[in-house]
Each structure stands twice: as structure tokens, then as C-alpha cells.
Amino acid sequence: MAVKRAVSTHRVHEEVLDFLAPHCETVSNQTPDTLTREQILRRVSEADAMMAFMPDHIDAAFLAACPRLKIVAAALKGFDNFDVAACTARGVWLTVVPDLLTVPTAELTIGLVIGLTRKVIAADQWVRSGRFRGWRPDFYGLGIAGSTIGIVGMGAIGRAVAERLRGFGAAVIYTDRAAMDRTDEARLAVRWSELDELLHAADVVILALPLTAQTLHMINSARLMLMKPGSFLINPCRGSVVDEAAVLMALQSGRLRGYAADVFELEDWAREDRPRGIAPDLLSHPNTLFTAHIGSAVQKVRLAIEMRAAQNIREALAGERPRDAVNDLEQARAAAC
């Protein structure tokens, strides 16, 4: 019997490779770099399993070049870069990690809010410049206490952000397709609002949405004009939920006082028209704060995420239904009979 092979496109912890070793041969890119699509295909073309990450893009053409592939185990939560229908059509399981990223992403979101509104980067740079000689009446920002915070999207991450805001003394409003029940609203101390009303009222707007056809460029020039003048926008979810060009214009006009992001349009590989970089004027704008997609970058969390993906691989290679399957191959097979 041929030895089964699992390929990891990015570096994983040694414990993960040790876990998989009794079940398959492992080939892992243990460098900090992302391989090209061609390099990945050379590795995965003879593989039975693939552990995939945020920079990977799986479509029908990719799958056609990997005839042995049984599972794409994505070590992430949002799978907009992965073609679910194409995986199902090829008989390939697609799995994600459903909830391990929620808490660290919510924690980072609060950090972005504080870092941006309290001008932490500007104050840090001032001290490092050598010009600091003590207190001065400068770097005045916005305090969370007494401010209105708007959360767009009240899924797992939106709720986790709201939970962490409870101790800050802010008024928190949210919008989603439907309001939560009143018990949950009372527990989180939040109030439902229409999107346009939220944008008009909030001092800080936090985005907590998946990227879909409906949320692509949801925050565009028209919606930025609805935002309260001098407000702040925080994007820890998906880059293409905002139109970065429109954000830059709003910053330059002064309509938007600041923008913080952990995600960028260039990362949304499924978009053929995605920008290939971040606009230099946006990168250099003084009222921005950017992090390198580190929402889940907590040591123990990343290990847990990789291990969960590895467990899905083990189950699929054993002929079982993987626990975190996004698609339903069993139903698809039954329908084909």
C-alpha cells in the first residue's frame, strides 16, 4: 500500500508533525516564507492531505492538479479563499478551525482601538526620536470611556469584542442581520442599530464580518461619508470588507480621524481584481495603525489551531468524516447515486 502523504504549506510546530507521523509521511515548509502556487503544487500534486493557511488559494484548477488529495485542512476560520463547491465536486473534504481564533482576535481588536485612538505609535516615535524631555500638552486622543463604539457584525468575534468592552465604560451599539435576543443584549450591555444609524453615531466603528459577495467593499466612499466626522475605523476581519482607496481619501479629507487594520485587500486571493499591494500613501499616513495579520498569533493558540487541523487530516486519511468539515461529501455522494 502506498504511503500516505500530508503537505503543510507553512511552518508548523514540531508537535504537529510528530502527531501526524504515525499516520502519514509529512512534508512541511518550515521556513517563514510563503511558497509560490507552482511550488505548492509540486509538493501537493502527489499528496493525500494538505494543511492550508491564509495565503493559500484553492480552486478547481488547483484541485485538478492534485488527483490524490482527500482533504484540505485549513488552519484558519474564514475560508473565502477556498472554493467549497470545487472541493465537493472533486470529493475533497474542506475543514476549518471554527472557534480557536475568536479570543485572540478580539484581544488584538481592543489593542488596535487603544493604539489608534490614544496615538500610541506617534508618542512612541516621539520618545525614540530623542526629542522627548518630559510631559508636554500633546498627543491628545480619544478615550474609550464615554465614547460610543459600533460593532458591525455580531458573530463570535463581534460578541467577544463586546464582552471585552464591558469594563471600559463605553456605550456599545451593534448591527447584524437580526437583533440578538434581549437576554444576550443585556448580558453584553449592547443595543441593536441599523447600519447607517450606527455609522452616524459611533466614535469608533469595529468591523467583525466575513468576506462575502454582500460584504465586499461594504465600507465604501458612500458609507464613509455617513460616518461621524472625526471617527475611527478598525478592521480586524477581512481586508476587502473596506475599500482601502476610499479609506485613504477619507483620511486625507479629515472625515476619518484614523484607520487601524490587521487585514488587507491584497490578501483576498479569491478576488481576481484584488490590489497587489497597499497604497504607499495609506501606509505612510500618520493616522493609521497596521499589524501583519496577527489576530491569532498567540503561541499556544497557533499550536492548538495547527493541531486541530492535523486531527482533521488524521480522520480523513482514516476514511472518517473529519470533525470540522465545511462541505458534506457524504450527502454529495448519496445525491450522485
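Whatever comes next refers back to the structure up there.
Computed from a predicted structure; not experimentally measured.

Rules behind the numbers
Residues numbered from 1 in each chain as written. Predicted model: local features only at pLDDT ≥ 70, side-chain atom pairs only at ≥ 80, totals over all residues. Heavy atoms only, no water. Helix = DSSP H or I, 4+ residues; strand = E, 2+ residues; numbered from the N terminus. Rg over C-alpha atoms; globule rule 2.2 N^0.38 Å. Buried < 20%, exposed > 50% of the residue type's maximum accessible area, 1.4 Å probe, protein only. Areas by Shrake-Rupley, 256 points an atom, 1.4 Å probe, with all protein chains shown as cover. Lys, Arg positive; Asp, Glu negative; His and termini not counted. Charge placed at Lys NZ, Arg CZ, Asp CG, Glu CD. Axes fitted to C-alpha atoms, helices over the stretch in contact; angles between N-to-C directions. Parallel < 35°, antiparallel > 145°, perpendicular 65-115°, else oblique. Left-handed = near helix turned anticlockwise from the far one by under 90°. Contact = heavy atoms within 4.5 Å. Nonpolar A, V, L, I, M, F, W, Y, C, P; charged D, E, K, R; others polar. Phe/Tyr/Trp six-rings, centres within 6.5 Å; stacked < 30°, edge-to-face > 60°. Salt bridge = Lys/Arg side-chain N within 4 Å of Asp/Glu carboxyl O. 1 Å grid on protein atoms, 1.4 Å probe; cavity = no way out; pocket = protein on both sides within 12 Å on 5 of 7 lines; lining within 4 Å. Points joined across faces, edges and corners; volume = space filled by probe spheres on them. Pairing = 2+ DSSP bridges.

1. Some details on the overall build of the chain
The number of helices and strands found in the chain is 14 helices and twelve strands. A compact globule built from 337 residues would reach a C-alpha radius of gyration of about 20 Å, and the chain, at 22 Å, matches this within 12%. In terms of overall dimensions, the chain has a C-alpha envelope of 75 × 50 × 35 Å along the principal axes. Taken over 337 residues, the chain has a buried fraction of 47%. With the model as given, the accessible surface of the chain reaches about 16200 Å², and the carbon-plus-sulfur share is 55%. Taken as two groups, the 38 positive and 40 negative side-chain charges of the chain have centres that lie 4 Å from each other.

2. Describing the packing of helix 5 (residues 102–117) against helix 7 (residues 156–165)
Where helix 5 contacts helix 7, the two axes come as close as 9 Å, and the packing angle between them is 55 degrees. Viewed along their axes, helix 5 and helix 7 adopt a mutual orientation that is oblique. For the pair helix 5 and helix 7, the crossing hand works out as right-handed. In this structure, helix 5 contributes Thr102, Val103, Thr105, Ala106, Glu107, Thr109 and Ile110 to the contact, and helix 7 contributes Ala156, Ile157, Ala160, Val161, Arg164 and Leu165. In terms of residue class, the contact of helix 5 with helix 7 is made up of eight nonpolar, three polar and two charged.

3. Here's the deal with the packing of aromatic side chains
Under the definition given, this model contains three aromatic pairs. With a centroid separation of 6.1 Å and 70 degrees between ring planes, the pair formed by tyrosine 259 and phenylalanine 290 is classed as edge-to-face. Here tyrosine 259, found in strand 11 (residues 256–261), pairs with phenylalanine 290, found in strand 12 (residues 288–290); they are 31 residues apart in sequence, far enough to count as distant. Given a relative accessible area of 1%, tyrosine 259 falls into the buried group.

4. As for the pattern of salt bridges
Going through the model one piece at a time under the given rule, you end up with 20 salt bridges. A salt bridge links aspartate 184 to arginine 159, with the nearest nitrogen and oxygen atoms 3.4 Å apart. Taken together, the residues span a long stretch of sequence, with aspartate 184 in helix 8 (residues 182–188) and arginine 159 in helix 7 at a distance of 25 residues. Look at arginine 159 and you get partly exposed, because its relative accessible area is 28%. Of the charged contacts in the structure, one is a salt bridge between arginine 187 and glutamate 163, with a shortest N-O distance of 3.2 Å. Residue arginine 187 is found in helix 8, and its partner glutamate 163 is found in helix 7; the two are separated by 24 residues along the sequence. Since its relative accessible area comes to 37%, arginine 187 is described here as partly exposed. What makes glutamate 163 partly exposed here is its relative accessible area of 36%.

5. With respect to the layout of surface pockets
Sizing a probe to match a water molecule and rolling it over the atoms shows the empty space that remains. The calculated volume of the second largest pocket comes to roughly 320 Å³. Around the second largest pocket, the lining comprises 17 residues; the ones closest to its centre are Ile121, Ala122, Pro286, Asn287 and Thr288. Elements with a contribution of two residues or more to the lining of the second largest pocket: helix 5, helix 6 (120–128), strand 11 and strand 12. A total of four residues in the lining of the second largest pocket trace back to one element, the largest contributor, which is helix 6. Each residue belonging to the lining of the second largest pocket can be placed in one class, and the counts come to eight nonpolar, seven polar and two charged.

6. Describing the sheet that holds strand 12
An order of 8-7-6-9-10-11-12 is seen for the seven strands of this open sheet, with the pairing classed as parallel. Looking at the sheet topology across the chains shown, the edges are occupied by strand 8 (190–192) and strand 12. Adjacent strand axes in the sheet meet at a mean angle of 20 degrees when their direction is disregarded. Pairing between strand 6 (residues 148–152) and strand 9 (residues 204–207): four bridges, direction parallel. From the neighbouring strand, isoleucine 151 faces strand 9, where its bridge partner is isoleucine 206. Each of strand 9, strand 10 (231–235), strand 11 and strand 12 touches helix 5; the most contacted strand, strand 10, lies at about 145 degrees to it.

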